[in-house]
Amino acid sequence: MSVSVTFLGTGGSVPSKHRMLPSVLIRRGPELLLFDCGEGTQRQFLKARAGINRKMRIFISHLHGDHVFGLPGMLHSLAFMGRTRELQIYGPRGLADFISAVNDAVKFYAQYPLKVKEVRTGTIVNDTEYKIVAGPAKHGIPCLAYAFEEKPMPGKFNPTMAKKLEIPEGPLWKKLQTSRYLRVGDRKISSSLVVGPPRKGVKITYAVDTRPCASVVRLARNSDLLIHDSSFDFSASQKASDYGHSTSTEAARQAARSSSRKLALFHISAMYEDANLLLIQARRVFRNTILSSDMMTVYVSRNR
Ligand SMILES: [Zn+2]
Ligand SMILES: [Zn+2]
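Residues numbered from 1 in each chain as written. Chains lettered and ligands numbered in written order. Predicted model: local features only at pLDDT ≥ 70, side-chain atom pairs only at ≥ 80, totals over all residues. Heavy atoms only, no water.

**Q** Please clarify how the coordination of the zinc ion (ligand 2) should be interpreted in this entry.
**A** Four donors placed tetrahedrally around a metal ideally meet at 109.5 degrees, and six donors placed octahedrally ideally meet at 90 or 180 degrees. Surrounding the zinc ion (ligand 2) are the protein donor atoms His62 (NE2), His64 (ND1), His139 (NE2) and Asp209 (OD), which sit 2.2 to 2.4 Å from the metal. Around the zinc ion (ligand 2), the four donor atoms sit at angles spanning 93 to 166°, and that spread fits a shape best called irregular. The sequence motif formed by the donor residues of the zinc ion (ligand 2) is H-x1-H-x74-H-x69-D. Between the zinc ion (ligand 2) and the zinc ion (ligand 1), both coordinated by aspartate 209, there is a metal-metal distance of 3.7 Å. Highlighted residues: histidine 64 in the loop between β5 (56-59) and α2 (65-68) and aspartate 209 in the loop between β13 (203-207) and α7 (214-220), separated in sequence by 145 residues. Given a relative accessible area of 1%, aspartate 209 falls into the buried group. (Donors = N, O, S within 2.8 Å, 3.2 Å for Na, K, Ca; no water. Tetrahedral: all angles 85-135°; square planar, octahedral: opposite > 155°, others 65-115°. Helix = DSSP H or I, 4+ residues; strand = E, 2+ residues; numbered from the N terminus. Buried < 20%, exposed > 50% of the residue type's maximum accessible area, 1.4 Å probe, protein only.)

**Q** Please explain the layout of surface pockets as it appears in this structure.
**A** Rolled over the atoms, a probe with the dimensions of a water molecule shows which regions are left empty. For the second largest pocket, the calculated volume is near 280 Å³. Taken together, 14 residues make up the lining of the second largest pocket; nearest its centre are Pro92, Arg93, Val119, Arg120 and Pro142. (1 Å grid on protein atoms, 1.4 Å probe; cavity = no way out; pocket = protein on both sides within 12 Å on 5 of 7 lines; lining within 4 Å. Points joined across faces, edges and corners; volume = space filled by probe spheres on them.)

**Q** Please explain the coordination of the zinc ion (ligand 1) as it appears in this structure.
**A** Taken together, the protein ligands of the zinc ion (ligand 1) are Asp66 (OD), His67 (NE2), Asp209 (OD) and His267 (NE2), with distances of 2.1 to 2.3 Å. Seen from the zinc ion (ligand 1), its four donor atoms lie at angles of 92 to 159°, and the figure they make is irregular. Sequence spacing of the donor residues for the zinc ion (ligand 1), all on one chain, is D-H-x141-D-x57-H.

**Q** Would you mind showing me how to read the packing of helix α3 (residues 71-80) against helix α4 (residues 95-105) here?
**A** When two helices pack together, their arrangement is given by the angle between their axes and by how far apart the axes lie. Two elements in contact, α3 and α4, have axes separated by 10 Å at closest approach and are oriented at 60°. Taken together, α3 and α4 sit at an angle that is classed as oblique. Crossing angle aside, the handedness with which α3 passes α4 is right-handed. Seen from α3, the contacting residues are Leu71, Pro72 and Leu75; seen from α4, they are Leu95, Phe98, Ile99, Val102 and Asn103. (Axes fitted to C-alpha atoms, helices over the stretch in contact; angles between N-to-C directions. Parallel < 35°, antiparallel > 145°, perpendicular 65-115°, else oblique. Left-handed = near helix turned anticlockwise from the far one by under 90°. Contact = heavy atoms within 4.5 Å.)

**Q** Even after reading the chapter, I still don't get α3, so can you show me in this structure?
**A** Each α-helix winds once per 3.6 residues, and so residues spaced three or four apart point in a common direction. Those residues of α3 lying buried are Leu71, Met74, Leu75, Ser77, Leu78 and Ala79. Directly beyond the C-terminal end of α3, a positive phi value near 100° is found at glycine 82.

**Q** Is there a simple way to explain the packing of aromatic side chains in this structure?
**A** Within a pair of aromatic rings, the relevant descriptors are the distance that separates the centres and the angle that separates the planes. Under the defined criterion, the tally for this structure stands at nine aromatic pairs. When the centroid spacing of 5.0 Å and the interplanar angle of 15° are considered together, the rings of phenylalanine 35 and phenylalanine 59 count as stacked. Residue phenylalanine 35 is found in strand β4 (residues 31-35), and its partner phenylalanine 59 is found in strand β5; the two are separated by 24 residues along the sequence. Owing to a relative accessible area of 2%, phenylalanine 35 belongs among the buried residues under this scheme. Since its relative accessible area comes to 0%, phenylalanine 59 is described here as buried. (Phe/Tyr/Trp six-rings, centres within 6.5 Å; stacked < 30°, edge-to-face > 60°.)

**Q** What is the right way to read the nonpolar core from this model?
**A** Inside soluble globular proteins, nonpolar side chains tend to come together where they are buried. Of all hydrophobic cores here, the largest spans 29 residues; its most connected members are Ile132, Ile204 and Ile227. Those residues in contact with isoleucine 227 that sit more than four places away from it in its chain are Val5, Phe7, Val24, Ile204, Thr205, Tyr206, Ala207, Ala264 and Phe266. Among the nonpolar cores identified, the runner-up in size contains 24 residues, and Leu25, Leu34, Ala48 and Leu95 belong to it. (Core = buried A, V, L, I, M, F, W, Y, C linked by side-chain atoms within 4.5 Å.)

Dropping the structure here:
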């Protein structure tokens, strides 16, 4: 099952000619996980051909307008386009009031079940194959960073060895992958003879808007991809500090400190028509950095 990240909007605060407001879509097989919902996200979501009736969860980092003003439109559009499946939305305190105030004012009642969960830090979703952990970001108002983390997967199965050990093909093969031992007649067979060590799943951390801080480093530990606030370049460090954001250099340090494999610079200020400078500065600190752009898709592999 592949895991990909599509950056639907990569700007910050106000949209610019080239960047919409923040929203990131993780696709895990048929399932959708959407992080933040800036204005116009529903159009980007359609362009990405994400599918309107999939299993889907939305995570909101904080209640600044650039991260939530797209949410009412998104909920509205999904209803118009015929969504029937439940939709779960997670975010900090105040999110439920925001959604119900807008929906009440415009007399919108979703035809699909809409579940809004206000969360704090810790594991907020514990699905069979992955979890979502929230951690505190450091911003002017309560703000959550999120880590999507697949649970370890069973190791590679060796059918040649299974046949050699005369284990009948069928349900017993499946059982070997999930248990440590298998009884075949009077034999007790260790699964390690046939199944490789468990494979580590993918980890992606989403941390905007935030100053560089230890709690994000902890949350992002060993991420395959860290998507980090990178509003400004190094020369605007004071501005970044004043407004609760990060420079690309600070984002790069966060990537290095958390031993992440790859960094995506995100939430780029509209003052940069060309944000290449941010990329150059970040790469001096952390080589495996990319500059996100609207509708860019990155595949995150488990092969390592
Ligand atoms: Zn923002
Ligand atoms: Zn903000």
